[in-house]
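Next come the chains, spelled out residue by residue.
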Amino acid sequence: MPEQLVESQPFADTEVAVRDGRVRVLREEALASEKMDRLVRDAVFGDQDAREHARWLIWELGQAVGVRPASIHDLYMARGRGQVKGFTVPAINVRASSYETARAIFRTAKKLDAGAFILEIARSEIAYTEQRPAEYVTVMLAAALREGFRGPVFIQGDHFQVNAKKFAVDPKAEVDAVKALAREAIAAGFYNIDVDTSTLVDLKQPNLDAQQRVNYETAVEICRFVRSLEPKGVTISLGGEIGEVGTENSTPEELRAFMDGFNRTLERQAPGTAGLSKISVQSGTSHGGVVLADGSIADVKLDLETLRTLGEIAREEYGLAGAVQHGASTLPDTAFNNFPRIETAEIHLATNFQNMLYDHLPQGLRGEIYEWLRTNAKDERKATDSDEQFFYKTRKKAIGPFKRQMWELPAEVRAKMAAAYDAKFEFLFTQLAVGGTREAVAKYVKAPARHHTAPGVAAPDDADLSD
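Thresholds, definitions, all that
Residues numbered from 1 in each chain as written. Predicted model: local features only at pLDDT ≥ 70, side-chain atom pairs only at ≥ 80, totals over all residues. Heavy atoms only, no water. Salt bridge = Lys/Arg side-chain N within 4 Å of Asp/Glu carboxyl O. Helix = DSSP H or I, 4+ residues; strand = E, 2+ residues; numbered from the N terminus. Buried < 20%, exposed > 50% of the residue type's maximum accessible area, 1.4 Å probe, protein only. Axes fitted to C-alpha atoms, helices over the stretch in contact; angles between N-to-C directions. Parallel < 35°, antiparallel > 145°, perpendicular 65-115°, else oblique. Contact = heavy atoms within 4.5 Å. Nonpolar A, V, L, I, M, F, W, Y, C, P; charged D, E, K, R; others polar. Expected span 1.5 Å × (residues − 1).

Q: Help me understand the pattern of salt bridges, please; the structure alone is not making it clear to me.
A: In a structure, side chains of opposite charge can pair up when their charged atoms sit close to one another. Tallied over the entire structure, the rule returns 36 salt bridges. Its salt-bridge partner being Glu 305, residue Arg 308 comes within 3.5 Å of it at the nearest N-O pair. Residue Arg 308 and its partner Glu 305 are located together in helix α11 (residues 304-318), separated by three residues, close to a single helical turn. Of the residues examined, Glu 305 reaches a relative accessible area of 48% and is grouped as partly exposed. With a closest N to O distance of 3.8 Å, Arg 374 and Asp 387 form a salt bridge. Residue Arg 374 is located in helix α14 (residues 363-376), and its partner Asp 387 is located in helix α15 (residues 387-394); the two are separated by 13 residues in the primary sequence. Taken together, the shared-partner salt bridges in this structure form one network comprising Glu 15, Arg 27, Glu 29 and Lys 35.

Structure representation (structure tokens):
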């Protein structure tokens, strides 16, 4: 029987063929062409049938050529054992113009032979950028295929955070909401999740264990839930957090109180269950930076010694990869080479890439967005905010409503933006010393094949399963 092509797919029958719900790639070069651009556009903006088919096909193309979502857990455990070191993994929040941004990341990774980097999106970002997990994974994989990248793709749920105010009213409902997001994300291919229950730390309690108890007990509950959903052959990389970013700097005593409580509780409730691979701490940064009245960003007082000390404790006493630095994208360029020097495990980068996008938007579109913010984000404006402060703090909220316009920027704008992103990502990857890490990733990370059922094709029966 000849190969049967899905009618709507953009590839010729000599390039990609589909038979009985399985994909064969006959000519890999076709994946790195404008045909992928059309396919991913369908995956984001197509009608329901076109969207479902495009997302399935992109996933299966990745499975066929080895571009698969993966967990960084085993690489991080190797770092905890001292078997790898000397680099800091960039975790990049891809918020807007996601396909073009991710293409620049994969171009850089390919150029520098980098494998240890993460693409992530936070619980809050999923909402305001209008990128549900299935869409996000699809776009990241399509970007990798378009640039000819090969290897595991680390996609992470950043700040899967418990809202403290909602938790105070109904703890179960708020934790269940985080669990529901984790279920959706894991099914989509998020095999790395940062559990953020640091919002529940209660500094009014009389000792450190009591202050951290709700934090670590809730983190254990979510950890156990995540472990119950892991695909076969995957140990999801999980991170915990001991201090909310933008508050007081973390201390060794706080780290030990959290980790001892977490490990003790997890072992009591689920003996032998894999725990955390890293720990997020506060060392002087804030998300998005602090914007001044003229629109400039205030200098950051980054406490490198705190970061170094906490990372050493995390590795030497708990076997983790080390400490994670949040809120770092607006740091001065001279700061980044410090992170691998002090063995920071991971660094989160977000706002500066959004700033670069807004810098490149056509003036008319940017003006339209700002007028939209005046009406739709007016409740977030403080009486003391200048226009520059207000727009800087709120413009992320326009990413979802203007998502299509940001995808459809003129070719000359996209070319200038691509060049700027290429330069920035190459700088960051070099400063963070992740060039050449593809070898370490290949040694420690396995990404087993995991096929999805094609839309409109019945899943295979299995008579051995329980009713």
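This is not the end of the story, as more comes after the structure.
Q: Looking at this structure, how should I read the packing of helix α1 (residues 34-45) against helix α6 (residues 133-146)?
A: Angle between the axes and distance between the axes are the two parameters that describe a pair of packed helices. The contact between α1 and α6 brings their axes to 10 Å, and the two run at 180°. As the angle between them shows, α1 and α6 are arranged roughly antiparallel. Across from Glu 34, Met 36, Asp 37, Val 40, Ala 43 and Val 44 in α1, the residues of α6 making contact are Glu 135, Thr 138, Val 139, Ala 142, Leu 145 and Arg 146. Taken together, the residues of the contact of α1 with α6 sort by class into seven nonpolar, one polar and four charged.

Q: Teacher, can you tell me more about helix α8 (residues 171-188) here?
A: For α8, which comprises 18 residues, the first-to-last C-alpha distance of 26 Å matches the rise-based estimate of 26 Å (1.5 Å per residue) to within 8%. The complete set of buried residues in α8 reads Glu 174, Val 175, Val 178, Lys 179, Leu 181, Ala 182, Ala 185, Ile 186 and Ala 188. Among the residues trailing α8, Gly 189 stands out with phi positive, at a value near 125°.

Interpretation note: all reported values are geometric properties and have no functional meaning in isolation.
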